[in-house]
Amino acid sequence: SFCGNNKYEGGRDIVTILEGSLLSLGRCVDLVKPAGLHIGSVSKSEWKRALDSLEHSMSEIRDHCDPDRPLRPSEWGKLIDEEKGTLQI
């Protein structure tokens, strides 16, 4: 969850999260490219690793970047501008 200063719990910022997700997606593409281009075969274990990389990428983006995800209770207070006492939308 977001904890201010563009950082999430664990000290990762949104750019770091998106870069990691992009790397996982690239790993997935690299693993299945031979089959997609019909230039080689891909083993069952490589398909499994590609799926794991894809799921990791999607999970990171969904968990940290989806504006429609429900807020956790710890995030509710962060919507209120302390100086103005109004919601930031």
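Residues numbered from 1 in each chain as written. Predicted model: local features only at pLDDT ≥ 70, side-chain atom pairs only at ≥ 80, totals over all residues. Heavy atoms only, no water.

Novice: I keep staring at unusual backbone geometry and nothing clicks. Help me out?
Specialist: Trans is the prevailing form of peptide bonds, just as negative phi is the prevailing case for residues other than glycine. For His38, which is not a glycine, the phi torsion comes out positive at approximately 55°. Looking at where His38 falls in the secondary structure, it is placed in the loop between α1 (14–36) and α2 (44–65). (Helix = DSSP H or I, 4+ residues; strand = E, 2+ residues; numbered from the N terminus.)

Novice: So what exactly am I meant to see when it comes to the packing of α1 against α2 here?
Specialist: Axes are the key here: two packed helices are described by the angle between their axes and the distance separating the axes. Relative to each other, α1 and α2 sit at 155°, their axes nearing to 8 Å. One finds that α1 runs roughly antiparallel with respect to α2. Taken as a pair, α1 and α2 cross one another with a handedness that is left-handed. When α1 is examined against α2, the residues Ile14, Ile17, Leu18, Ser21, Ser24, Leu25, Arg27, Cys28, Leu31, Val32 and Ala35 are found in contact with a partner set consisting of Glu46, Trp47, Arg49, Ala50, Ser53, Leu54, His56, Ser57, Glu60, Ile61, His64 and Cys65. Per-class residue counts for the contact of α1 with α2 are 13 nonpolar, 6 polar and 4 charged. (Axes fitted to C-alpha atoms, helices over the stretch in contact; angles between N-to-C directions. Parallel < 35°, antiparallel > 145°, perpendicular 65-115°, else oblique. Left-handed = near helix turned anticlockwise from the far one by under 90°. Contact = heavy atoms within 4.5 Å. Nonpolar A, V, L, I, M, F, W, Y, C, P; charged D, E, K, R; others polar.)

These results come straight from atomic positions and should not be treated as a statement about function.
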